[in-house]
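Observations on the model geometry
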Amino acid sequence: VIIRIEGNSKALQDEFQRIKKQTANLEGQLRSVSKGSTIAFAALATTIGLTVKAFATYEAGLVGVGKTADLTGKELEDFGKEVQKLATELPVATKELLAIAQTAGQLGVKGSKNLLKFTETIAKLGTASDLSGEEAATALTRILNVTNENIESIDTFASVIVALGNSFAATESEIAHVTT
């Protein structure tokens, strides 16, 4: 915007220059706000996208558990809530806990109570030893089947394997392998 000021009024010209500077400052501030808003919106969109992806992963894992362990409806929903609670208590992601539960269902563990106990035990075993995840689930289930033990004794059995690993020159995975 070009405005010509006629005459000798120095005060009027000074005021015009001051307003021109303020307008330039305001334009700069608006550009900064605009950039900040764009960045904030992009961050929000990314967060929403990651949340949706995490929820989809959770739902897919829960459906897998339902299929392998014959859990449906309210029982499956309650199991999912318990797994989420367990994920806050252990240093294991919900996705991994659901994978353990799905493996347990494939190996014949039935009932949400047994699945939860099995999942928690295998997750704890994974944090305390080199035996974790699907390998631990498979090994311990096979050993329990061979010894005709119930799934309720899985936590005791896992504790024995960890104690043996701590007491002898063998890892927990080696002990489980030899036992199977």
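Attention here is on the structure that accompanies the text. As the structure is a computational prediction, the values presented were derived from the model and not from experiment. Note that residues are indexed from 1 along each chain, following the sequence as it is written. pLDDT decides what is reported in this predicted model: residues at 70 or higher carry local features, side-chain atom pairs at 80 or more are listed and counted, and totals for whole chains, interfaces and linings draw on all residues regardless. As a convention, hydrogens and water are excluded, and side-chain values are obtained from all of the structure's heavy atoms.

**Here's the deal with the overall build of the protein**
- Counting from the N terminus, the helices are DSSP H or I runs at least four residues long and the strands are E runs at least two residues long. Helix and strand content of the protein: seven helices and zero strands.
- Going residue by residue from the N terminus, the α and β elements of the protein occur as α-α-α-α-α-α-α.
- Taking contacts inside the protein between residues at least 6 apart in sequence as the whole, the part at least 24 apart equals 56%.
- Every accessible area reported is derived by Shrake-Rupley at a probe size of 1.4 Å, with residue values counting cover from the shown protein chains alone. Working note: accessible area of the protein is about 11600 Å², and carbon and sulfur atoms make up 58% of it. Contacts are assigned to residue pairs that have any heavy atoms within 4.5 Å of one another.

**Here's the deal with the pattern of salt bridges**
- Within this document, salt bridges are pairs made up of a side-chain nitrogen of Lys or Arg and a carboxyl oxygen of Asp or Glu, the two lying within 4 Å of each other. The full count for this structure, using the stated rule, is five salt bridges.
- The partner of Lys 74 in a salt bridge is Asp 78, and the shortest N-O contact between them spans 3.0 Å. Placement of both Lys 74 and Asp 78 in helix 2 (residues 73–89) is noted, with a separation of four residues, approximately one turn of the helix.
- Buried, partly exposed and exposed residues are distinguished by accessible area as a fraction of the type maximum, computed with a 1.4 Å probe on protein chains only: under 20%, between the cut-offs, and over 50%, respectively. Here Asp 78 falls in the partly exposed class, since its relative accessible area comes to 32%.
- The partner of Lys 117 in a salt bridge is Asp 155, and the shortest N-O contact between them spans 3.6 Å.

**Some remarks on the side chain of Thr 141**
- On the secondary structure map, Thr 141 appears in helix 5 (residues 133–146).
- The class for Thr 141 is buried, based on a relative accessible area of 5%.
- There is a polar contact of 2.7 Å between the side chain of Thr 141 and the backbone oxygen of Ala 137.
- If sequence neighbours within four positions are ignored, Thr 141 has contacts with Leu 107 and Phe 118. Contacts described as polar in this section are N or O atom pairs within 3.5 Å, which, within protein, must combine one atom able to donate a hydrogen with one able to accept it, while residues neighboring in sequence count only if both atoms come from side chains.

**Section: unusual backbone geometry**
- Phi is positive for Asp 70, which is not a glycine, with a value near 55°.
- Looking at the secondary structure, you find Asp 70 in the loop between helix 1 (10–69) and helix 2.
- Overall, the relative accessible area of 56% leaves Asp 70 in the exposed class.
- Notably, Asn 148 is not glycine yet its phi reads approximately 60°, a positive angle.

**Some remarks on a nonpolar patch on the surface**
- Patches here are clusters of residues that have more than 30% relative accessible area and form no salt bridge, with a 9 Å joining cutoff for like charges and a 5 Å cutoff for nonpolar side chains (Val, Leu, Ile, Met, Phe, Trp, Tyr). Nonpolar side chains collect at one region of the surface, where Val 160, Leu 164 and Phe 168 lie side by side and expose about 270 Å² of accessible area between them.
- Residue placement: Leu 164 occurs in helix 6 (residues 154–167).
- A residue is classified by how much of its surface remains accessible, and Leu 164, at 33% relative accessible area, is partly exposed.

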